[in-house]
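# Structural features, examined
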There are 2 protein chains.
Amino acid sequence: MSNPDQDVFYMRQALALAQGVLYLPSPNPRVGCVVVRNGEVHGRGATQLVGGPHAEVMALRDVLQNGLTAEGATIYVTLEPCCHHGRTPPCVDALIAAKPARVVFSHFDPNPNVAGRGMRALREAGIQVTVGVCAEEALEINPGFISRMTRGVPYVWLKAAASLDGRTALSNGESQWITGAEARADGHHWRARSCTVVTGIGTVRTDNPQLTVRHVETPRQPRRAVIDPGLSIDANALVLKGGGTTLFTATKDTDKTLRLADVGAEVVYVPETKLVASSSLSGKSRPRVDLLEVMRWLAKRGDNEIHVEAGSGMNGALLQAGCIDELLIYTAPMLIGEGMGIAKLPGLHKLSQAPRFEFIDVARLGADVRLRARSVARWQDLLKKIHLN
Amino acid sequence: MSNPDQDVFYMRQALALAQGVLYLPSPNPRVGCVVVRNGEVHGRGATQLVGGPHAEVMALRDVLQNGLTAEGATIYVTLEPCCHHGRTPPCVDALIAAKPARVVFSHFDPNPNVAGRGMRALREAGIQVTVGVCAEEALEINPGFISRMTRGVPYVWLKAAASLDGRTALSNGESQWITGAEARADGHHWRARSCTVVTGIGTVRTDNPQLTVRHVETPRQPRRAVIDPGLSIDANALVLKGGGTTLFTATKDTDKTLRLADVGAEVVYVPETKLVASSSLSGKSRPRVDLLEVMRWLAKRGDNEIHVEAGSGMNGALLQAGCIDELLIYTAPMLIGEGMGIAKLPGLHKLSQAPRFEFIDVARLGADVRLRARSVARWQDLLKKIHLN
């Protein structure tokens, strides 16, 4: 009855459904579900906007709408079905009620409210359960959800558009546009799938970006945040327009905080409390934000994925603080020479000290190339986390 | 009788044969030839080491060895057949003697000794001739030969291995190895197909490279050259080992020249004679080599393709002198921050001033990615040159 090739075949269909709602269900994971009976797909579903139905319920509804039944079927889900009352009733109950013979899911849901209980509930109801089909492919779709549940921080990628020699802007700051329209639209795709777009105060000053999603259609705008240690942001900055922007600061300034609240911005005080070698040596004591604490704060409010689009200073600080999972680099076919770099990092003495990334995707986008590279250690860690037994 | 799809089909086979001798026939072009009769390939050939037979002769010999005939056949050649006595007799004579019904070639040979005369000789012998099948694909195989014949300079690519942020070495000079074994082997492939590997005196001092081909098999080592304005090279430098290395200098030093002749190195005096704004402004008057003249000198001795493997200073100078046709960048999945860049270039004021390149190939090599980008203007120019009528 269980055929591994067939399981992979249908699980990939479920994964494609999850992939189809990348922008939608945050803070919930993107999940896809396919109901297969007698070798035919009887229903399909994917998680909806938060508060709406999960993938399993959508798929079972689809079965009914098709005038079919899930009784005796095999149900493929890209994540362990939930068994707790959240904003919606548990999916496990809906599955049991539909009386399938077998449920296949890719990996356990590390949410402590689930974490194997979904599987046990199904088995106790006499349903055969198979776990581990396309587990890494499923993780690729929800790295942020898994990261938040298991590490207490979001999955963070750093986006940069640079020349072949790694320059993101001319020395005079000109950066519009190094890459072309296709790369920019793709950058907006990554903004759209993130929960929050994060930048630094330097970028706000230099480029005054909106950081909204405009070049792709999305049912949901990501939130925005600025790392602003001195709380020096101009209340007219475009990134504050529309409200809801979070400002992470190391400066207590009630007046400024109130003025920013007037434009709908929230100020969060997260000072770096550890002694910072470089700033103490230089004699300057500029306030610094605790970047790891920023990430923990974002995870606590439900952020799965963070899209960082900042300058070399902030990029370097985030890399050094161990906040970056992935590099998303758009490379334009030009050499600039003098100019701004991707990340300001302290000089290495040995090449072996450089943090190890690995290329996971290379794509041509119009005249440009997109290179995705992932932190090997951080990904291995996430992979371990979904193999809980 | 003439079928365009079929012409492309067989021409691609001939191109593959030319591709198979990339390292071999320099300074002659790489040419492939396929003899097709009644829909069957009767013979194949490619140009041999200089002085050896050309592709057409190899293919006709192959026909005979197969106990077949080329009479009435269609013969596909990736370049217009030669009609002059060089080191070997004209291929056109051999073709006419073989009595084919038709000869198809990709583009004219811009060699002033040929340049359409090959076609005319064939037509005068009553052979039908078709020109222009896969012309750009053929140019891809012999850009250097075409460049030397039409522009009087070789086709030059600049090879660099860099991190994602465009660093080729740490600030302390460490660069072994940013990229992995596959990328290094591929780099040697590009050395092997070139006529001369060129570097700067800075790289000789820092890395003391041999610049020979070692990681791929080759029947022919490329020549080596060093741009050494002050003629300051150490006579024990590894790049001089084995002899035959050319040193381009702007310094007359008979003693040093004689000492270098002892280790088999040739010194060529090519001083920059134009007033150089930057050096006169800085008050220093370091001797400079006329890089364009270097390229002309190399072309005159028969060099088709030049592989540049140098530091940021030399790379920047070559780019600014308009010597570079192609960038061959190996990118490693790491960020280095502070370090050496790919090319030292003067700061641009507008992005639109940056010379336009276009990506022509993206390949994954082990853990690294190879990006090839070509100067749009220079390639368009070469393309025009082969469409002479």
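Residues numbered from 1 in each chain as written. Chains lettered and ligands numbered in written order. Predicted model: local features only at pLDDT ≥ 70, side-chain atom pairs only at ≥ 80, totals over all residues. Heavy atoms only, no water.

## A closer look at the nonpolar core
This is how it is decided: Working definition of a nonpolar core: buried Ala, Val, Leu, Ile, Met, Phe, Trp, Tyr and Cys residues. They are joined through side-chain atoms within 4.5 Å. Only protein chains enter the accessibility calculation, which uses a 1.4 Å probe; a residue whose area is less than 20% of its type maximum is buried, one above 50% is exposed, and one in between is partly exposed. Any pair of residues with heavy atoms lying within 4.5 Å of one another is described as a contacting pair.
Formed by 74 residues in total, the largest nonpolar core has its most connected members in F248, L319 and L327 of chain A together with F248, L319 and L327 of chain B. In this view, L319 of chain A contacts L158, I324, L327, A343, L345 and F357 of chain A together with L335 of chain B; residues no more than four positions away in its chain are not counted.

## Looking at the relation of the copies chain A and chain B
One copy of the chain maps onto the second through a rotation around an axis plus a translation along that axis. As a reminder, the rule being used: In superposing the copies, a least-squares fit is computed on C-alpha atoms, taking residues whose pLDDT is at least 70 in both.
If you rotate chain A by 180 degrees and push it 0.0 Å along the axis, it lands on chain B with an RMSD of 0.0 Å. Here the copies are linked by what is in effect a two-fold axis. Scanning chain A for the C-alpha nearest the rotation axis identifies G166 of chain A, at a separation of 2.3 Å. When the interface residues of chain A are mapped onto chain B, 100% of them are again interface residues, pointing to one common binding face.

## Examining the interface of chain A and chain B
Convention followed: Take the accessible area each of two parts loses on contact, using a 1.4 Å probe, and add the two losses: that sum is the buried area. Polar contacts, as counted here, are pairs of nitrogen or oxygen atoms within 3.5 Å of one another; within protein the pair requires one atom able to donate a hydrogen and one able to accept it, and residues that are adjacent in sequence qualify only if both atoms are side-chain atoms. Only runs of H or I of at least four residues qualify as helices and only runs of E of at least two qualify as strands under DSSP, and these elements are numbered from the N terminus.
Taken together, the contact pairs 45 residues of chain A with 45 residues of chain B. Buried area between chain A and chain B, summed over both chains or domains, comes out near 3600 Å², and the portion from carbon and sulfur atoms is 68%. Between chain A and chain B we count six residue pairs in polar contact (both at pLDDT 80 or more) in total. Mapped onto the side of chain A that touches chain B, the elements with two or more residues apiece are β13 (326-332), β15 (357-365) and β16 (368-375) of chain A.

## Looking at the pairing of strand β5 (residues 128-131) of chain B
Each regular strand displays side chains that alternate between the two surfaces of the sheet. Residue and element names in this part refer to chain B. The criterion, for reference: One requirement defines pairing of two strands: DSSP has to find at least two bridges between them. We call a crossover right-handed when, viewed with the strands running away from us, the connection from the first strand over the helix to the second turns clockwise.
Two elements, strand β4 (residues 102-105) and β5, share four bridges in a ladder whose sense is parallel. Looking at the pairing, V103 lines up with V129 of β5. Remark: the β4/helix α4 (residues 117-124)/β5 crossover connection has right-handed handedness.

## Looking at the packing of helix α3 (residues 91-98) of chain A against helix α4 (residues 117-124) of chain A
All names here are of chain A. Keep this limit in mind: Every axis corresponds to a line fitted to the C-alpha atoms, with the helix fit spanning only the stretch in contact, and the corresponding angles, defined between N-to-C directions, vary from 0 to 180 degrees. Every angle not falling under 35 degrees, over 145, or within 65 to 115 is termed oblique; those three ranges are roughly parallel, roughly antiparallel and roughly perpendicular. Left-handed describes a crossing whose near helix is turned anticlockwise from the far helix through less than a right angle; right-handed describes the clockwise counterpart. Any residue outside Ala, Val, Leu, Ile, Met, Phe, Trp, Tyr, Cys, Pro, Asp, Glu, Lys and Arg is labelled polar, Gly included; the first ten of those are nonpolar and the last four are charged.
Between α3 and α4, the shortest axis-to-axis distance is 10 Å and the interhelical angle comes to 20 degrees. Classed by the angle they form, the pair α3 and α4 counts as roughly parallel. Seen from above, α3 lies across α4 with right-handed handedness. Of the residues in α4, those in contact with V92, L95 and I96 of α3 are G118, A121 and L122. For the contact of α3 with α4, the class distribution of residues is five nonpolar, one polar and no charged.

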